[in-house]
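In case you want the letters, here they are:
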Amino acid sequence: METGSPRNTGTTGDTTTEPVWRGLPRRLLRMRRLLLVVWLGAIALALGLLLGVLASPVWAAIALLPLALMAWGWVLLGRNWRSWRYAERADDLLLSRGVLWREETVVPYGRMQLVEVTSGPVERHFGLASVQLHTAAAATDATIPGLDPAEAERLRDRLTELGEARSAGL
Amino acid sequence: MTTPGVDDAVLGKEPVTERRLHPVTPLRRAWAPVAVLIGWAVHDPDQAQRQLARLTATTLLIALAVLVPVAALYGFLSWWYTHFAVTDTELRIRTGLLFRRTAHIRLERLQAVDVTQPLLARVAGVAKLKLDVIGTDKKDELAFLGEREARALRAELLARAAGFAPETAHEVGEAPARVLLRTPPLHLALSLVLTGATWGTLAAALVVPPVLWFATHSVWTVLATGVPLLGAAGASSVGRFVGEYDWMVGESPDGLRIDHGLLDRTHETVPPGRVQTVRIVEPLSWRRLGWVRVELDVAGSSNSVLVPVAPREIAEAVVARVLPGVTVPSAADLARPPRRAGWCVPLWWRGYGLAVTDAVFAARHGLLRRRLSLVPHAKVQSVRLAQGPWERLWRVAAVHVDTGANKTVTARLRDAQEAAELLRAQAERSRTGRRDALPDRWMA
């Protein structure tokens, strides 16, 4: 089985040029921040009420802790969201993510076994979908979270198409 | 791939002759209830003894009279309802009395074929045959077949997988094998004596029970820890010797042949181009003798040893046959991490090394027990670069290379700039590496 399709064998040079990076939609950040605020806000409220009623209002100040965590998480989520980006090159998909723990993944299209598009209820409400690539190696962790559903579908179709053209066995 | 529950009628075009397993198979299945009873007795001897004392001779006889026919019937029925057939593209195994299960194993996806003979099966003249395809498990083996039938079936399956025409595949027969390496028993015994794990487990088995006896004076505690420890010591020395006895690596047009075992014999055939990674392991105590152990990874296969022990030159010659066109990079060819990597991994940073040739990605790790992993570029599934905060401070990064056998080979502590270039270059190499790889059907 041949990896590269015939029309591609001559023009491998274009893979060396700088790839076009794409970020994730802002809606994903909004969704994550909303979830953070809802969960930590609920915890802070419950803690504050419980301690305020059972102990003294002084103890209720502990409820400020989740609020501080929320502020920190707010910043962290923003930085993490900015770090996520992906690029489709002629023959492989690039994925880069992480602020402190940086990780960059390259998956050649020919090695793709399965492309999965998932979307949970909250994600659907925000108009988001995730694309996950599987290769024969389970360690390949190539997931693009929170894409526009139309973009996710376009990516899935393109990846499947390219994967078929360049497919190879194990 | 196995797709249980697919109706044959959908796929059946021409009638295929279905066969049954060897008639001794029911005996093996009939053992199951007896084995369960023995297992219970061993697990809980106190309880078992009390129960046995309560039983009278008559109840025992009645129990046996019920149990044995039931076991025999179970064995017979499970044998009667198991069929297998070889078609042009797949091996089909139909099984199950109440819950029907049909496994379709695609021959073109074949990664390896194992013929194994446990001791009792050798006495009875039968063998197990298993096709290694990703996703197959213990249920998908053919146990048992007649010894000669197993060999003939293996030859036929390999011929069909290799791409011979279906009409001729039956007559191609066993491909001739040429012996590449044979491990002398003395050599193997000496290598085990020189292995730290053998002495470690033995020392633990001899020291821990007496210490426990002085501490607790309880026979049961001593037995409960001493028996497993002794078992582990036995498995790591005698068990390994028995398993790796008379290790033979051969080469044939059907691929690599690995035969081994003193009591249980195993014959494995790995067709060309199925090896995902090769690891050359060099423990400290073997280094003076220049011996190495070679391990390999094949997707879906459980065996991971290629050569249990051999002098370095011979082992490298075997590796060169297994991965055609590959020369094992020497220690001098391996690029060490920069000196500042010592801040990330003190002392052990010297053990890391990396060499990339036209054919393989080779990464070494370990200081005392050195392990050099080789991945052919064509087998790389994805490439990853990872860098933590502390590593970024010292401008180093790790490059992970994932293979289809679910093994990841890592080149750690590379210079950050070098790692970024390596990531791009490796992705390019693994993509183009496929061009001159052998086709899946190696004879077509």
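Quantities reported herein were computed from a predicted structural model and do not represent experimental measurements.

1. A look at the nonpolar core
Residues and elements named next belong to chain B.
Next, step 1: Within the largest apolar cluster, 106 residues are counted, with the highest numbers of intra-cluster contacts made by Leu145, Leu157, Val278, Val294, Leu306, Val322 and Val399.
Next, step 2: Considering every element that reaches this core, the biggest residue donor is helix H6 (residues 147-162), with eight residues.
Next, step 3: Setting aside residues up to four positions removed in sequence, Val278 forms contacts with Val294, Leu296, Leu306, Val319, Val322, Leu323 and Leu374.

2. Some remarks on the environment of Val117 of chain A
Residues and elements named next belong to chain A.
Next, step 1: By the element assignment, Val117 lies in strand S4 (residues 112-118).
Next, step 2: Spatially, the C-alpha atoms of Val117 and Ala129 are 6.6 Å apart, while their sequence positions differ by twelve residues.
Next, step 3: Other than its neighbours up to four places away in sequence, Val117 contacts Ala129, Val131, Ala152, Glu153 and Arg156.

3. Thoughts on the packing of helix H8 (residues 185-193) of chain B against helix H10 (residues 219-244) of chain B
To characterise two packed helices, one gives the angle between the axes of the helices and the distance between these axes.
Residue and element names in this part refer to chain B.
Next, step 1: Put simply, H8 and H10 touch, their axes get as near as 10 Å, and they point 150 degrees apart. Relative to H10, the element H8 is oriented roughly antiparallel. The chirality of how H8 crosses H10 is right-handed. On the side of H8, the interface is formed by Leu188, Ala189 and Leu192, while H10 contributes Ser237, Arg240, Phe241 and Glu244.

4. Some words on the domain arrangement of chain A
Next, step 1: For chain A, the domain assignment lists domain 1 (31-79) and domain 2 (88-165).
Next, step 2: The gap between the C-alpha centroids of domain 1 of chain A and domain 2 of chain A is 34 Å.

5. Here we look at unusual backbone geometry
Residues and elements named next belong to chain B.
Next, step 1: Here Ala143 and Phe144 are connected by a cis peptide whose omega angle stands at 0 degrees.
Next, step 2: Within the secondary structure, Phe144 sits in strand S7 (residues 141-146).
Next, step 3: With phi around 55 degrees, His217 is a residue other than glycine that occupies positive phi space.
Next, step 4: In this structure, His217 sits in the loop between helix H9 (196-216) and H10.
Next, step 5: With 9 C-beta atoms counted inside 10 Å, the residue His217 sits in the exposed group.
Next, step 6: Even without being a glycine, Asn406 presents a positive backbone phi close to 60 degrees.
Next, step 7: Within the element layout of this structure, Asn406 appears in the loop between strand S19 (396-403) and strand S20 (408-415).

6. Some details on helix H14 (residues 416-432) of chain B
Residues and elements named next belong to chain B.
Next, step 1: Taking 1.5 Å as the rise per residue, H14 with 17 residues should run 24 Å; its terminal C-alpha atoms sit 25 Å apart, in good agreement.
Next, step 2: Listed as buried for H14 are Ala419, Leu422, Leu423, Gln426, Ala427, Ser430 and Arg431. Looking straight down H14, one finds its buried side chains confined to an arc of 155 degrees; they lie on one side. Away from the buried face of H14 by more than 90 degrees, exposed residues Gln417 and Glu421 are located.

7. Digging into the pairing of strand S9 (residues 248-252) of chain B
All names here are of chain B.
Next, step 1: Bridge count between strand S8 (residues 178-182) and S9: four bridges; the pairing is antiparallel. Looking across to S9, one finds that Val179 is bridged to Gly250.
Next, step 2: Of the pairings in the sheet, the one linking S9 to strand S10 (residues 255-260) comprises five bridges and is antiparallel in character. Opposite Ser252, over in S10, you have Gly255 as the bridge partner.
Next, step 3: Connecting S9 to the next strand, S10, in antiparallel fashion are two residues.

8. A few points about the pairing of strand S11 (residues 265-270) of chain B
Residue and element names in this part refer to chain B.
Next, step 1: Pairing analysis gives five bridges linking strand S5 (residues 112-117) to S11, with the strands arranged antiparallel. Residue Thr116 lies in a different strand from S11, and its bridge partner there is Thr266.
Next, step 2: As defined by bridge partners, S10 adjoins S11 across five bridges and the pair is classed as antiparallel. Bridging across to S11, Asp259 finds its partner in His267.
Next, step 3: As consecutive antiparallel partners, S10 and S11 are separated by four residues, and within that stretch Gly261 has a phi angle of approximately 115 degrees, a positive value.

Definitions and cut-offs
Residues numbered from 1 in each chain as written. Chains lettered and ligands numbered in written order. Predicted model: local features only at pLDDT ≥ 70, side-chain atom pairs only at ≥ 80, totals over all residues. Core = buried A, V, L, I, M, F, W, Y, C linked by C-beta atoms within 7 Å. Buried ≥ 20, exposed ≤ 12 C-beta atoms within 10 Å, placed from the backbone. Helix = DSSP H or I, 4+ residues; strand = E, 2+ residues; numbered from the N terminus. Contact = placed C-beta atoms within 7 Å. Axes fitted to C-alpha atoms, helices over the stretch in contact; angles between N-to-C directions. Parallel < 35°, antiparallel > 145°, perpendicular 65-115°, else oblique. Left-handed = near helix turned anticlockwise from the far one by under 90°. Domains from an automatic or database assignment. Expected span 1.5 Å × (residues − 1). Arc of directions from axis to C-beta. Pairing = 2+ DSSP bridges.

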